[in-house]
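Next come the chains, spelled out residue by residue.
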Amino acid sequence: NAGVMQNPRHLVRRRGQEARLRCSPMKGHSHVYWYRQLPEEGLKFMVYLQKENIIDESGMPKERFSAEFPKEGPSILRIQQVVRGDSAAYFCASSPPANNNEQFFGPGTRLTVL
Amino acid sequence: AQSVTQLGSHVSVSEGALVLLRCNYSSSVPPYLFWYVQYPNQGLQLLLKYTSAATLVKGINGFEAEFKKSETSFHLTKPSAHMSDAAEYFCAVSGSGANSKLTFGKGITLSVRP
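Residues numbered from 1 in each chain as written. Chains lettered and ligands numbered in written order. Predicted model: local features only at pLDDT ≥ 70, side-chain atom pairs only at ≥ 80, totals over all residues. Heavy atoms only, no water.

Asks: Just checking my understanding: could you explain unusual backbone geometry for this structure?
Replies: Keep in mind that most residues, glycine aside, have a negative phi and that most peptide bonds are trans. A cis amide bond, omega -5 degrees, links Asn-7 of chain A with the succeeding residue Pro-8 of chain A. Its place among the elements puts Pro-8 of chain A in the loop between β1 (5–7) and β2 (10–13). Here Thr-72 of chain B, not a glycine, exhibits a phi torsion of approximately 45 degrees, which is positive. Of note, Thr-72 of chain B is situated in the loop between β8 (64–68) and β9 (73–78). (Helix = DSSP H or I, 4+ residues; strand = E, 2+ residues; numbered from the N terminus.)

Given below as structure tokens:
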């Protein structure tokens with residue numbers, strides 16, 4: 001059973017470009033969480049999704065950031081018009097429907113904004 | 001609201017010595033508590049979790065943690081440190097259902113001296 005997969009592992013964007021980060025949960029997992037790890041700030045929750053639904057987006061910045069988890073395919077975290085402050089490691093975690101208290105993390109996408 | 005406090009940012013122990021990493025939490029609902037380990041440039045790996053069963057929880061790699069409600073603590077211990085334990089350790093708290101997002105402490109870097 002493959003673990004949580006994220007791609008790309010490293011992403012470089014120039015200011016003003018768009019970044020798309022993808023997350024494929026573990027097989028059978030229908031819950032996806034996104035977290036961001038900024039230097040000196042630790043890991044912060046961004047958004048919690050189930051298939052086709054956003055359950056909790058209390059950690060998402062109000063502008064430029066969006067997330068989706070369609071019925072088919074991976075979850076996508078989209079950052080429009082990136083700025084240098086968006087440079088961070090973005091982690092996705094998934095959990096099964098019967099036990100959403102145990103989250104399994106992917107290896108992360110490291111975004112660098114030039 | 002939930003929060004986690006991990007005092008200090010760095011702990012150094014000798015190989016074979018006791019490891020003690022402290023974690024205190026605040027939660028308005030019965031908490032689920034977790035310890036994760038992160039090796040450089042990798043994702044997070046679950047060490048152990050407390051989910052309202054036994055208060056002494058055993059995890060992987062010889063780690064264990066004890067839930068003490070009266071002290072709102074969930075300290076991580078290992079009797080004998082190994083060089084391979086050098087990593088960053090995060091304590092986290094969550095609720096359940098729609099409140100299952102993880103709230104992390106700032107993390108503690110563990111160094112192991114030969």
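More follows now that the structure is in view.
Asks: Would you mind showing me how to read the interface of chain B and chain A here?
Replies: A common way to state how big an interface is: give the accessible area lost once the parts meet. Taken together, the contact between chain B and chain A spans 21 residues of the former and 21 residues of the latter. Carbon and sulfur atoms supply 49% of the area that chain B and chain A bury against each other, a total of about 1,700 Å² over both sides. At the boundary of chain B and chain A, one finds one salt bridge. We note a salt bridge from Lys-49 of chain B to Glu-102 of chain A, for which the minimum N-O separation is 2.3 Å. Summed over the shared surface of chain B and chain A, the number is seven residue pairs in polar contact (both at pLDDT 80 or more). Mapped by element, the contributors of at least two residues to the side of chain B that touches chain A are β5 (32–38), β6 (44–50) and β10 (87–94) of chain B. Broken down by element, the side of chain B that touches chain A gets its largest block of residues, four residues, from β5 of chain B. (Contact = heavy atoms within 4.5 Å. Buried area = accessible area lost by both parts, 1.4 Å probe. Salt bridge = Lys/Arg side-chain N within 4 Å of Asp/Glu carboxyl O. Polar contact = N/O pair within 3.5 Å; in protein donor to acceptor, adjacent residues only side chain to side chain.)

Asks: Whenever I open this one, the environment of Gln-37 of chain A confuses me. Can you help?
Replies: With respect to the helices and strands, Gln-37 of chain A occurs in strand β4 (residues 31–38). Separated by 71 residues in the primary sequence, Gln-37 of chain A and Gly-108 of chain A have C-alpha atoms spaced 9.5 Å apart. The residues contacting Gln-37 of chain A, other than those within four sequence positions of it, are Gly-42, Leu-43, Ala-88, Ala-89 and Phe-91 of chain A together with Gln-38 and Phe-90 of chain B. Within the local environment of Gln-37 of chain A, its side chain forms a polar contact with the side chain of Gln-38 of chain B, the two groups lying 3.1 Å apart.

Asks: What is the right way to read the pairing of β5 of chain B from this model?
Replies: Along any regular strand, the residues point their side chains to alternate faces of the sheet. Residues and elements named next belong to chain B. Within β5, six of the seven residues are buried, which leaves it mostly tucked inside the rest of the structure. Both β5 and β10 contribute to a ladder of seven bridges, which runs antiparallel. Bridge assignment links Phe-34 to a residue of β10, and that residue is Ala-92. Hairpin connection between β5 and β6: a loop of five residues separates the two successive antiparallel strands, and Asn-41 in this loop has a positive phi of roughly 60 degrees. (Buried < 20%, exposed > 50% of the residue type's maximum accessible area, 1.4 Å probe, protein only. Pairing = 2+ DSSP bridges.)

Asks: How should I be thinking about the environment of Val-112 of chain B in this particular structure?
Replies: Residue and element names in this part refer to chain B. Positionally, Val-112 belongs in strand β12 (residues 108–113). Among the residues examined, Val-112 registers a relative accessible area of 9% and is labelled buried. With residues near it in sequence (within four places) discarded, Val-112 still touches Val-13, Ser-14, Glu-15, Ala-81, His-82, Met-83, Asp-85 and Ala-86.

Asks: Explain the side chain of Ser-94 of chain A here, please?
Replies: Residue and element names in this part refer to chain A. Note on placement: Ser-94 falls in strand β9 (residues 88–95). For Ser-94, the side chain forms a polar contact with the main-chain nitrogen of Met-26, separated by 3.3 Å. Sequence-distant contacts of Ser-94, that is, excluding residues within four places in its chain, are made with Val-4, Pro-25, Met-26, His-29, His-31, Val-32, Glu-102, Gln-103 and Phe-104.

Asks: Explanation requested: the sheet that holds β1 of chain A in the structure shown.
Replies: Within a beta sheet, neighbouring strands are joined by backbone hydrogen bonds and run either parallel or antiparallel to one another. All names here are of chain A. The strand order across the open sheet formed by four strands is β1-β3-β8-β7, and the pairing between neighbours is antiparallel. Edge positions in the sheet fall to β1 and β7 (65–68), since each of these pairs with one other strand and no more. Within this sheet the neighbouring strands show an average axis-to-axis angle of 15 degrees, counted without direction. Pairing between β1 and strand β3 (residues 19–24): three bridges, direction antiparallel. Residue pairing for β3: Met-5 is matched across the bridge by Ser-24. (Axes fitted to C-alpha atoms, helices over the stretch in contact; angles between N-to-C directions.)

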